[in-house]
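Now for the letters of each chain:
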Amino acid sequence: MDFEQAAKISGSRFAILKGQLARLGRALINFMLEMHVNEFGYTEVYHPALVKNEAMYNVGQLPKFSDDSYLTTDELRLIPTSEVFLTSLVADKIVEEKELPIRFTAYSECFRKEAGSAGRDTRGMIRQHQFGKVELVSITAEDQSNDELERMTSVVEEILKKLELPYRVMLLCSGDMGFAAQRTYDIEVWLPEQNKYREISSCSNCGAFQARRMNAKYSSETDKKIKKYVHTLNGTALAIGRTIVAIMENYQNSDGSIAIPNVLQKYMSNDTVISK
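The sections below set out a description of the structure shown in this document. The model shown is predicted, which means the values in this text are computed figures rather than measured ones. (Residues numbered from 1 in each chain as written. Predicted model: local features only at pLDDT ≥ 70, side-chain atom pairs only at ≥ 80, totals over all residues. Heavy atoms only, no water.)

**A short note on the sheet that holds strand E1 (residues 43-44)**
Pairing between the strands of a sheet is mediated by backbone hydrogen bonds and can be parallel or antiparallel.
Piece 1. Ordered by their spatial adjacency, seven strands build an open sheet running E1-E5-E6-E12-E9-E8-E7, and the pairing between neighbours is mixed. Of all strands in the sheet, those bounded by a partner on one side alone are E1 and strand E7 (167-171).
Piece 2. The sheet strands contacting helix H5 (residues 145-163) are strand E5 (102-111), strand E6 (130-140), E7, strand E8 (183-191), strand E9 (196-205) and strand E12 (231-239), and the helix crosses E12 at an angle near 5°.
Piece 3. Along the sheet face, helix H7 (residues 240-250) touches E5, E6, E8, E9 and E12 and points at about 40° away from the line of E12. (Pairing = 2+ DSSP bridges. Helix = DSSP H or I, 4+ residues; strand = E, 2+ residues; numbered from the N terminus. Contact = heavy atoms within 4.5 Å. Axes fitted to C-alpha atoms, helices over the stretch in contact; angles between N-to-C directions.)

Structure follows, in structure tokens:
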């Protein structure tokens, strides 16, 4: 894990992972995506990292967070999360109620200026300008979204249980929720070095807020003439960098080596330990 050379090449809030730590990151991506697709029925998506301003506005990233995203010279923005793209897959569409819920998952690199977090987590892997993340997005009927939020949160919990990492689930008050959300759970993992829980996932039900912005509707199964706005949900499962940190701290041995969680070993040539 090299922060010094990363700073020379790219600036602050970047990191380079090499060797076994790089493989650990790749193992986490493969493990999570396979779980979401094979066990939880999500459809995997591979998508661009650049989107139009309209897509950012549709999901509530603009105008509120315009200073926190990277804007290119040709007016495209680097995504801060796969939620932007995955949710937009139903923009300006009318889907049939029988198709719902629709569930997407994707791994992507995410980009954030962290403009509003000056002085917070300036060192280490917790808060960076570029980071990898596996995202979940669900598109549901209006009467399905509350149950879908509970399901999505349980999916995140199952990943942490498989990794055998200690965690807790927090229901956020309205003042702490995101701009577009109507109900949010934060899932926090235990970090021994900081002696506290830190956010590793957030699962939100956005209701019809995003759907109204992007004109995404579904036709009623009983009466095709009735069109209602879909409900959209998103959740992180999980942020790769923060999961690496959690594994390094919770699985560290007395000699400084790091035991590899059992579920990840098959993705790392059956290695059981990352040497110091």
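Past the structure itself, the notes keep going.
**Quick notes on the side chain of Gln210**
Piece 1. One can find Gln210 in helix H6 (residues 209-214).
Piece 2. On the basis of relative accessible area, Gln210 is assigned to the buried category, the value being 1%.
Piece 3. Here Thr232 takes part through its side chain, which lies 2.5 Å from a polar atom of the side chain of Gln210.
Piece 4. Excluding residues that lie within four positions of it along the chain, Gln210 makes contacts with Asn58, Val59, Glu83, Thr87, Ala180 and Thr232. (Buried < 20%, exposed > 50% of the residue type's maximum accessible area, 1.4 Å probe, protein only. Polar contact = N/O pair within 3.5 Å; in protein donor to acceptor, adjacent residues only side chain to side chain.)

**Thoughts on the packing of aromatic side chains**
Piece 1. Tallying each qualifying case throughout the model produces two aromatic pairs.
Piece 2. For the pair Phe179 and Phe209, a centre-to-centre distance of 5.5 Å together with 80° between the ring planes defines the contact as edge-to-face. Within this pair, whereas Phe179 is found in the loop between E7 and E8, its partner Phe209 is found in helix H6, the two being separated by 30 residues in sequence.
Piece 3. Residue classification places Phe179 among the partly exposed residues on the basis of a relative accessible area of 36%.
Piece 4. Owing to a relative accessible area of 28%, Phe209 belongs among the partly exposed residues under this scheme.
Piece 5. We note Arg213 situated over the ring of Tyr57; from NZ or CZ to the ring centre the distance is 4.0 Å.
Piece 6. Sitting over the face of the ring of Tyr229, Lys217 holds its NZ or CZ atom 5.1 Å from the ring centroid. (Phe/Tyr/Trp six-rings, centres within 6.5 Å; stacked < 30°, edge-to-face > 60°. Lys NZ or Arg CZ within 6 Å of the ring centre and 35° of its normal.)

**Describing the sheet that holds strand E11 (residues 227-229)**
Piece 1. Ordered by their spatial adjacency, three strands build an open sheet running E4-E10-E11, and the pairing between neighbours is mixed. This sheet does not close on itself; its edge strands, each paired only once, are strand E4 (94-96) and E11. Across the sheet, the axes of successive neighbouring strands diverge by a mean angle of 35°, strand direction being ignored.
Piece 2. Bridge analysis of strand E10 (residues 217-219) against E11 gives three bridges, and the strand direction is antiparallel. Looking at the pairing, Lys217 lines up with Tyr229 of E11.

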